There are 4 protein chains.
Amino acid sequence: MSRKIRIGVIGSGYMGKAHAIAYTAAATVFDLDVELVCEMLCTTTAEGAKADAKRLGFRRSTDDWRVLISDPDVDAINISTPPFTHLEMGLAALDAGKPVFCEKPLAMSAADALSLTERAEETGVPTMVGYNYIKHPSAQLATEIVHSGEIGEVLHFAGTHIEDYFHDADAPANWRVQQRTASRAGALSDVGTHIVNAMLRVAGPVERLVADTDIAYPTRPANDGAALTVENDDQVQFMVRFESGAMGSIHASRVAAGKKMGYSFTVTGTKGSVAFDLEQPGEVHLFSASDDAARSGFKRILTGPEHPDYMNFCLGAAHGFGYNDMIMIEARDFVTAIVEQKPVWPTFRDGYDVDRIVDAVLRSKDEERWVRIDEI
Amino acid sequence: MSRKIRIGVIGSGYMGKAHAIAYTAAATVFDLDVELVCEMLCTTTAEGAKADAKRLGFRRSTDDWRVLISDPDVDAINISTPPFTHLEMGLAALDAGKPVFCEKPLAMSAADALSLTERAEETGVPTMVGYNYIKHPSAQLATEIVHSGEIGEVLHFAGTHIEDYFHDADAPANWRVQQRTASRAGALSDVGTHIVNAMLRVAGPVERLVADTDIAYPTRPANDGAALTVENDDQVQFMVRFESGAMGSIHASRVAAGKKMGYSFTVTGTKGSVAFDLEQPGEVHLFSASDDAARSGFKRILTGPEHPDYMNFCLGAAHGFGYNDMIMIEARDFVTAIVEQKPVWPTFRDGYDVDRIVDAVLRSKDEERWVRIDEI
Amino acid sequence: MSRKIRIGVIGSGYMGKAHAIAYTAAATVFDLDVELVCEMLCTTTAEGAKADAKRLGFRRSTDDWRVLISDPDVDAINISTPPFTHLEMGLAALDAGKPVFCEKPLAMSAADALSLTERAEETGVPTMVGYNYIKHPSAQLATEIVHSGEIGEVLHFAGTHIEDYFHDADAPANWRVQQRTASRAGALSDVGTHIVNAMLRVAGPVERLVADTDIAYPTRPANDGAALTVENDDQVQFMVRFESGAMGSIHASRVAAGKKMGYSFTVTGTKGSVAFDLEQPGEVHLFSASDDAARSGFKRILTGPEHPDYMNFCLGAAHGFGYNDMIMIEARDFVTAIVEQKPVWPTFRDGYDVDRIVDAVLRSKDEERWVRIDEI
Amino acid sequence: MSRKIRIGVIGSGYMGKAHAIAYTAAATVFDLDVELVCEMLCTTTAEGAKADAKRLGFRRSTDDWRVLISDPDVDAINISTPPFTHLEMGLAALDAGKPVFCEKPLAMSAADALSLTERAEETGVPTMVGYNYIKHPSAQLATEIVHSGEIGEVLHFAGTHIEDYFHDADAPANWRVQQRTASRAGALSDVGTHIVNAMLRVAGPVERLVADTDIAYPTRPANDGAALTVENDDQVQFMVRFESGAMGSIHASRVAAGKKMGYSFTVTGTKGSVAFDLEQPGEVHLFSASDDAARSGFKRILTGPEHPDYMNFCLGAAHGFGYNDMIMIEARDFVTAIVEQKPVWPTFRDGYDVDRIVDAVLRSKDEERWVRIDEI
């Protein structure tokens, strides 16, 4: 008989729902020999938690995350709450000896991320951070193309994650614009960490960087109409040198008018180039320098069953791949980590590596200079 | 307490799995006040059915579709088998008084489709045909733009559904190329009916058409290596006049080298145009003739929470929409039809309308002339 | 010393200017060992002709095209006037023994085109018809890819030339909408002949076709505000079978909202596919079926110095190719025909082949049936 | 009678030919009331100059640029030689009181560019620098959209000019890789200055920047097969702050595999965004934040006669715009400057502004710090 894993999810917002869908369907999609149970949902009020649990298909609910973590019938913890909660919840879950999936970014600072990482490594509990976009089959394909050496040595990595969810100056402020709830990093934390994670995954560790950040709109209306100070970056850009010597650049923004999912990267190598843009998610563009000059060009590869993790969802190429499908891949990975008791990328340490970059960016901005990652 | 609907699915291939995923997750995605149960799965052998039921999360299994249909704990029937089975299964399900979802095309001929339709209307049982692509939020948006009058009166509809799954002359034959199992229609039936359905949905009823069909490769290797005769079209094209007087064209193919999901339509109207191509599924292109000439052009609208059925899956625009997500919309629609006991598009009658076009195409080819739909 | 060719151009509108630019610059672009002289310009009034000649750099002018044709210092004739003038002018030029370049379409009917063709072949005078788009380096590359066999045997050709210059129902009528000045063919003649010419060039001779034409707006305002009857098609579509057995389709329109240069073709073959769209003129898309499935896709080839006729204009790929550059290629071809006294494609006979298709389309529409080209 | 301007061109390579074509056709294209004469061509050997003059349509030739500059029948000077020659030639031409067009970049250093600029301003002679891409109608349209305020205040400018002409490590070295003939700047000078010029034109003056440069391949084979040291950057990236406070970034490369004309910029403003990419040269993409959310998106505007400088070339939109057409616009501008004796953008001072950025980039790299432009 198949093993049962009972999940407790903290947070019932945007990501909480996505994870609920994922845990519900992942076993069918991947033919997992595991029964995934949405055991308990936690959110801020008991009443809300009860309603959300019913809506999202959880068996039980609570308004106390400590109750959820310590519940004997909760086998694994999913933290889908804002960043300022991750440290405390994560440590508690690790101390309870339960596998932890934590939404990105891992923590409010590299120091906090390191605490979580070290505790995880001490306890040996499986961990994972929720960097989902890099798990899209197209993103995996682009990564595979780089790692396989098909485009040779990397010469340049250009990454963006630009959206416009705060482009409207009159859009009401929320927890994302304040240091206490988000962190000193704004777009950098919210979307930038996704593309930083991709950069590290695809092109390897960074040696140093120089950064600039900007607040486009210094205040925003709060829900009560008062002007609220925006405390972190609306847009950020930085340049890196990888340990390999390659160059790179990152641009992240929440005020990039017209961009809805501008998560993209282009990797230039000595034998070719590869590019991916999540706004046209079903395709990867590959240039091979060895092609005959009169027949060379970027090839638009439509992702399909020949590519990583696609076949489980559909047997036909280019039939569409959804947001929740990426979350299902994460669920499969998290379950794999639990069942096999082995690290599955990205672990808390990988999340810490991202947060170090964030800290380095902020320091570079503060001190207006190149910063080495090993300073952090 | 929420109502429970127990589904029996016949067929555990490609579509069977997709429906299993859909029934598993639909209630969470759409916050349905219904509990959907994957009750029973039927496939050709008892052993296979048992294994597939376990893999796909069904409670029970059988190798006899009549058993499934008559089982008292099966509330609704999902037919996900090849076309030649639809008539008999569909009639049996209707006679059992159970709501029926049937994969497209509805039947092997317009006559069979009409039998199913009339029986459904006599019994009053809710029915639905599995035309999923038109339920993609982007396709729904394009449809909405036409129906709202935003582009004025339709002047032209150009539709394609072209793929290359049989482009390779050495690809082994299967049930799709034989009249007994597929029908006299090949690509026309397999992919063409999807875009015919879209055409009727978007631009209205057809008055007459003239068609041509072609078998590119007269034989294909069977699994045993022998040459098998290809009995239906590899590619088809036809021109229509709608009852409105507008012109239209359809191109369907299973040998369109390089096309993986060439389901597309462009509608030209007196006030603008709209275009959709499922190979770039997250976007709809809209041209408004009233724009200032120096600032006019096709606008690339990225589908998001402002658009039909998207928000249930994700709150961010352009975050991806998957194949199985479309099937979940179908599941939601089927459930709605059952719960509310009212027809939800596309019913068997809508499926019959598609099959009439198929018959008219074949007759036009046979007789090398324009054929009026009311001849069928 | 280099040979001098003195050109007389009839017509000073849109095309007259383009040819003037082309004759002025072609020798420099192509390093021709010929001096091209814009000798004489003819338009409807003496005064206008004089002004236009000054503006466009012609040495002399006239309001009588017979004077131009018979002038002893005019070596070659360029007819850039509306179609209803081509027959008389063309015959006169041929009778004068002077090489003739004639704008497309060659004539008002296949019969007239045949008269011109037979006279040209009797006299042995070099002729050319102004089908310029197919001479774009990208269109030439796409053609070369088909002719070389790179995509195998042709299975399907889909061509369009759709624009929206008459989409606005209130756009004033001009000579293009009347049978006397344009012909019984409207968009079919004006833009359709371009893509018919491409079809014949790329995929070979047509055996039969079935067509439909439509007038979207039955009247248009004349310059004096009165309603003028539109006498020829606003949009047309037809399906063909090539002599090779391949299928094809054509769509032409002058009411295709949002399309400005929808000259495109996609050719599907047994070994791959190639596509070209003049709205993105610098690129050709090539799919090779022999690529590894996990790395296959349409390759976007940016036209450059490796491709036909590009290098004369620029040494860098994708640096832009202009409308007048195509006309310069035509000028080079016409000069080559004159200097070498040999036919250069497309001759009057090639223009006649296009006009036969036009006549067949009109007959198919009149008689609502498939028409064989050899009936024309 | 129209005025005659006799041009002397120094250099008969790539750019020399382009300018010869431009001077030949510009009067016809723009209906200039000026006769442009290709009077004299200068290149390194007398024999070569004679042959090239014949090929390109010049009346006379020389191997001594001083002879060309001082020739009394040469009215204006066009310098189309590598950068290391610009200072001396430019000063000589200015001292001769003759209008000077100089290819980009203006000089080998900001200091040299300043010398040229100051001499030009002392003498009052019209000058121009050959930044042609920004004169493409699409680039002009994008510029106009920013300057008109249609997208509000600029928040971010992202520019690239990336190509792959030196991506092949075995491609033979030429003057472009050596400091003596090109400058300390490689890709930065060769292509980077084009996009720097666009940045300054579109988004205004820069206050400070931080830069990184890289040599991907330290040596290249010389023509004799020996390894030649590459002395300047293969790729460069830098971040800027404009005086307005907006952020910006530039990426230039000659090793960007697959990119043939990656001259692109995206400008994000408080009311919208605009993007242009010369690899799809006929289109500009405009996003207006004031559009209804459900109908918003980037609008693909196809450049046509409604847009700057297009109508002179063709009356139909999206009919193609060539490399030499851009050079003709430059010729028209240069002639305008001469005839009207007034500065026409970009003058030597504008060229100096670009070269200051280049110097600042090199200093930022040397000193690994942010550099203010007013330090240069």
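Remember, predicted model here, so these are calculated numbers, not experimental data.

What counts, and where the lines are drawn
- Residue positions are given per chain, counting from 1 as you read along its sequence in written order.
- Note on labels: chains are lettered from A, ligands numbered from 1, in written order.
- With pLDDT at 70 or above as the cut-off, local features in this predicted model cover only qualifying residues; side-chain atom pairs require 80 or more to be listed or tallied, and sums for whole chains, interfaces and linings still use all residues.
- Side-chain calculation: all heavy atoms of the structure are included, whereas hydrogens and water are not.
- Pairing between two strands requires that DSSP report at least two bridges joining them.
- Here a helix means four or more residues in a row that DSSP labels H or I, a strand means two or more in a row labelled E, and each is numbered from the N terminus.
- Where helices are involved, their axes are fitted lines through C-alpha atoms of the stretch in contact, as for all axes, and angles between N-to-C directions lie from 0 to 180°.
- Note on definitions: a residue-residue contact is assigned when non-hydrogen atoms from the two residues lie within 4.5 Å.
- Two parts placed together each lose some accessible area; with a 1.4 Å probe, that loss summed over both constitutes the buried area.
- Should a side-chain nitrogen of Lys or Arg be within 4 Å of a carboxyl oxygen of Asp or Glu, the pair is scored as a salt bridge.
- Any pair of N or O atoms that falls within 3.5 Å is considered a polar contact. Within protein, one atom must be able to donate a hydrogen and the other to accept it, and sequence-neighbouring residues count only if both atoms are side-chain atoms.
- The superposition of copies rests on a least-squares fit of C-alpha positions from residues with pLDDT of 70 or more in both.
- Each residue is assigned to one of three classes by its accessible area relative to the maximum for its type, calculated with a 1.4 Å probe on protein chains only: buried under 20%, partly exposed between the two thresholds, exposed over 50%.
- Classification of ring pairs rests on two measures: the distance between centres of Phe, Tyr or Trp rings, Trp counted by its six-membered ring, which must be within 6.5 Å, and the angle between planes, read as stacked under 30 degrees, edge-to-face over 60 and tilted in between.
- We call a charge positioned above a ring when the Lys NZ or Arg CZ atom is no farther than 6 Å from the ring centre and deviates by at most 35 degrees from the ring normal.
- Domain limits in this description derive from either an automatic procedure or a database domain assignment.
- Asp, Glu, Lys and Arg are counted as charged, while Ala, Val, Leu, Ile, Met, Phe, Trp, Tyr, Cys and Pro are counted as nonpolar; the rest, among them Gly, fall into the polar class.
- Residues belong to one nonpolar core when they are buried, are Ala, Val, Leu, Ile, Met, Phe, Trp, Tyr or Cys, and are joined through side-chain atoms within 4.5 Å.
- One less than the residue count of a helix, multiplied by 1.5 Å, gives the span that helix is expected to have.
- Consider the strands pointing away from the viewer: the crossover is right-handed when the path from the first strand over the helix to the second runs clockwise.
- Oblique is the label for any angle not under 35 degrees, not over 145, and not in the 65 to 115 range, which are roughly parallel, roughly antiparallel and roughly perpendicular in turn.
- Two helices cross in a left-handed way if the nearer one is turned anticlockwise from the farther one by less than a right angle. They cross in a right-handed way if the turn is clockwise.

Student: Describe the sheet that holds strand β3 (residues 60-62) of chain A, with residues and values.
Tutor: Residue and element names in this part refer to chain A. If you walk across this open sheet you meet the 6 strands as β3-β2-β1-β4-β5-β6, and the pairing is parallel. What marks the edges here is a single partner per strand, and that holds for β3 and β6 (127-130). In this sheet, adjacent strand axes meet at a mean angle of 20° when their direction is disregarded. Here strand β1 (residues 3-10) pairs with strand β2 (residues 34-42) via 8 bridges, running parallel. Considered in β2, the bridge of R3 is made with V34. This element, helix α4 (residues 86-95), spans β1, β4 (76-79), β5 (100-103) and β6 of the sheet and lies at about 170° to β5. Here helix α9 (residues 348-367) sits on the sheet and contacts β5 and β6; the angle it forms with β6, its principal contact strand, is near 40°.

Student: Quick rundown of the interface of chain A and chain D? Include the residues and the values.
Tutor: Each partner contributes to the interface: chain A provides 40 residues, whereas chain D provides 40 residues. The largest contributions to the chain A side of the interface with chain D come from Q237(A), M239(A) and M247(A), which together make up 21% of the buried area. Inspection of the region where chain A meets chain D yields 4 salt bridges. R241(D) is the partner of D212(A) in a salt bridge, and the nearest nitrogen-oxygen pair spans 2.7 Å. Taken together, chain A and chain D are joined by 20 residue pairs in polar contact (both at pLDDT 80 or more).

Student: Talk me through the relation of the copies chain A and chain B; I want residue IDs and the actual numbers.
Tutor: Note that the two copies of the chain are related through a rotation about an axis and a translation along the same axis. Of the transformation superimposing chain A on chain B, the axial component is 0.0 Å and the angular component is 180°, with the fit at an RMSD of 0.0 Å. Viewed as a symmetry operation, the transformation between the two copies matches a two-fold axis. Considering only C-alpha atoms, the part of chain A nearest the rotation axis is G322(A), at 1.9 Å. Counting the interface residues of chain A, we find that 100% of their copies in chain B are interface residues as well, pointing to one common contact surface.

Student: Could you give an account of the environment of F321(D), with specific residues and numbers?
Tutor: Residue position: F321(D) is located in the loop between β16 (298-302) and α8 (323-340). For F321(D), a relative accessible area of 6% gives the class buried. Through-space distance from the C-alpha of F321(D) to that of S183(D) is 32 Å; in sequence the pair is 138 residues apart. Residues within four places of F321(D) in sequence aside, it is in contact with G320(C), F321(C), G322(C), Y323(C), H136(D), P137(D), D309(D), Y310(D), F313(D), M326(D) and I329(D).

Student: Which residues make up the pattern of salt bridges, and what values go with them?
Tutor: For side chains bearing opposite charge, pairing can occur when the charged atoms are close. Taken as a whole and assessed by the stated rule, the structure comprises 128 salt bridges over all chains. Residues joined in a network through salt bridges with shared partners are E39(A), R59(A), R60(A) and D71(A).

Student: Any chance you could break down the packing of aromatic side chains for me, citing the residues and the numbers?
Tutor: Residues and elements named next belong to chain A. Throughout the structure, instances matching the rule amount to 56 aromatic pairs over all chains. Geometrically, the ring pair formed by Y133 and Y263 is tilted, given 5.4 Å between the ring centres and 50° between the ring planes. Separated by 130 residues along the polypeptide, Y133 in the loop between β6 and α6 (137-147) and Y263 in strand β13 (residues 262-269) bring together distant segments of the chain. The same class applies to Y133 and to Y263, which are both buried. A ring pair is formed by Y133 and Y323, whose centres lie 6.4 Å apart and whose planes are at 55°; its orientation type is tilted. Placement of the pair is Y133 in the loop between β6 and α6 and Y323 in helix α8 (residues 323-340), with a sequence separation of 190 residues. On the accessibility criterion, Y133 (4% relative accessible area) is buried. What links up through ring pairs into an aromatic cluster is the set Y14, Y133, F157, F242, Y263, F265, F276 and Y323. Taking the ring centre of F84 as reference, the NZ or CZ of R180 above it sits at 5.9 Å. Residue placement shows R332 over the ring face of F30; its charged tip is 4.7 Å from the ring centre.

Student: Break down the domain arrangement of chain A for me, with residues and values.
Tutor: All names here are of chain A. Entries for chain A in the domain assignment read domain 1 (4-131) and domain 2 (134-319 + 353-367). Computed from C-alpha atoms alone, the centre-to-centre distance between domain 1 and domain 2 is 26 Å. Domain 1 puts 16 residues into the contact, and the matching count from domain 2 is 20 residues. Taking both sides of the interface into account, the surface hidden between domain 1 and domain 2 amounts to around 1500 Å²; carbon and sulfur atoms contribute 59%. The interface formed by domain 1 and domain 2 holds 0 salt bridges in total. Between the two partners, domain 1 and domain 2, sit 4 residue pairs in polar contact (both at pLDDT 80 or more). Only α1 (14-30), α5 (110-123) and β6 provide two or more residues apiece to the side of domain 1 that touches domain 2. Here the residues of the side of domain 1 that touches domain 2 are counted per class, giving 13 nonpolar, 2 polar and 1 charged.

Student: For the sheet that holds strand β3 (residues 60-62) of chain D, give the residues involved together with the corresponding values.
Tutor: Residue and element names in this part refer to chain D. Taken in spatial order, the 6 strands of this open sheet run β3-β2-β1-β4-β5-β6, and their pairing is parallel. Strands at the two margins of the open sheet, each flanked by one partner only, are β3 and β6 (127-129). Along the sheet, successive strands turn relative to each other by an average axial angle of 20°, direction set aside. The strands touched by helix α1 (residues 14-30) within the sheet are β1 (3-10), β2 (34-42), β4 (76-79) and β5 (100-102), with β2 carrying the most contacts at an inclination of about 160°.

Student: Break down the interface of chain A and chain B for me, citing the residues and quoting the values.
Tutor: Taken together, the contact pairs 39 residues of chain A with 39 residues of chain B. Considering only the surface of chain A that becomes buried against chain B, Y14(A), T28(A) and H319(A) emerge as the three largest contributors, covering 19% of it. Where chain A touches chain B, the interface holds 4 salt bridges. A salt bridge links D33(B) to K54(A); the shortest N-O distance between them is 3.5 Å. Elements that contribute at least two residues to the side of chain A that touches chain B include exactly α1, α2 (46-56), β16 (298-302) and α8 of chain A. It is α1(A) that provides the largest number of residues to the side of chain A that touches chain B, a total of 9 residues. When grouped by side-chain class, the residues that make up the side of chain A that touches chain B number 19 nonpolar, 9 polar and 11 charged.

Student: Account for the nonpolar core, with residues named and values stated.
Tutor: Counting residues in each nonpolar core, the largest one holds 237 residues, and the members touching the most others are F238(A), F265(A), F238(B) and F265(B). In contact with F238(B), other than residues within four places in its own chain, are L188(B), V196(B), M199(B), L209(B), V210(B), A211(B), G248(B), S249(B), I250(B), I357(B), V361(B) and M239(C). Counting residues in hydrophobic clusters, the runner-up holds 236 residues, among them Y23(C), V29(C), V74(C) and V361(C).

Student: Mind laying out the relation of the copies chain A and chain D, listing which residues take part and the relevant values?
Tutor: Expressed as a screw operation, the relation of chain A to chain D combines 0.0 Å of axial shift with a rotation of 180°, fitting to an RMSD of 0.0 Å. Taken together, the interface assignments show that 100% of the residues at the interface of chain A recur at the interface of chain D, consistent with an identical surface on both copies.

Student: Pulling in residues and values, what's your account of the side chain of T43(B)?
Tutor: Turning to its location among the elements, T43(B) is positioned in the loop between β2 (34-42) and α2 (46-56). The contact partners of T43(B), leaving out residues within four places of it in the chain, are S12(B), G48(B), A49(B), D52(B), T62(B) and D63(B).

Student: I'd love a proper account of the environment of H307(C), names of residues and values included.
Tutor: With respect to the helices and strands, H307(C) occurs in the loop between β16 (298-302) and α8 (323-340). Through-space distance from the C-alpha of H307(C) to that of D73(C) is 37 Å; in sequence the pair is 234 residues apart. Those residues in contact with H307(C) that lie beyond four places of it in its chain are A294(A), R295(A), L141(C), I301(C) and L302(C). Among the polar contacts listed, one links the side chain of H307(C) to the backbone oxygen of A294(A), at a separation of 2.9 Å.

Student: Quick one: what's the story with the environment of L315(B), residue by residue and with numbers?
Tutor: You can see L315(B) is positioned in the loop between β16 (298-302) and α8 (323-340). In contact with L315(B), not counting residues within four places along its chain, are Y14(A) and P305(B).

Student: Summarise helix α9 (residues 348-367) of chain D; cite the residues concerned and give the values.
Tutor: Residue and element names in this part refer to chain D. Across its 20 residues, α9 extends 28 Å between first and last C-alpha, which sits within 8% of the 28 Å expected from 1.5 Å per residue. Along α9, the positions that sit buried rather than exposed are F348, G351, Y352, V354, D355, R356, I357, V358, A360, V361, L362 and S364. Within two residues after α9, E368 carries a phi angle of roughly 50°, on the positive side.

Student: I'd love a proper account of the pairing of strand β6 (residues 127-130) of chain C, names of residues and values included.
Tutor: Taking every second residue as pointing to the same face, both faces of β6(C) are buried, with T127(C) and V129(C) on one and M128(C) and G130(C) on the other. Since strand β5 (residues 100-103) of chain C and β6(C) lie parallel, the crossover through helix α5 (residues 110-123) of chain C that links them has a hand, and here it is right-handed.

Student: Run through the packing of helix α7 (residues 187-203) of chain C against helix α9 (residues 348-367) of chain C, naming residues and quoting values.
Tutor: Residues and elements named next belong to chain C. Two elements in contact, α7 and α9, have axes separated by 9 Å at closest approach and are oriented at 120°. Between α7 and α9, the angle is such that the two are oblique. Seen from above, α7 lies across α9 with right-handed handedness. Contact residues: L188, T193, V196, N197 and L200 in α7; D353, V354, I357, V358, V361 and L362 in α9. Looking at the contact of α7 with α9 residue by residue, the classes come out as 8 nonpolar, 2 polar and 1 charged.

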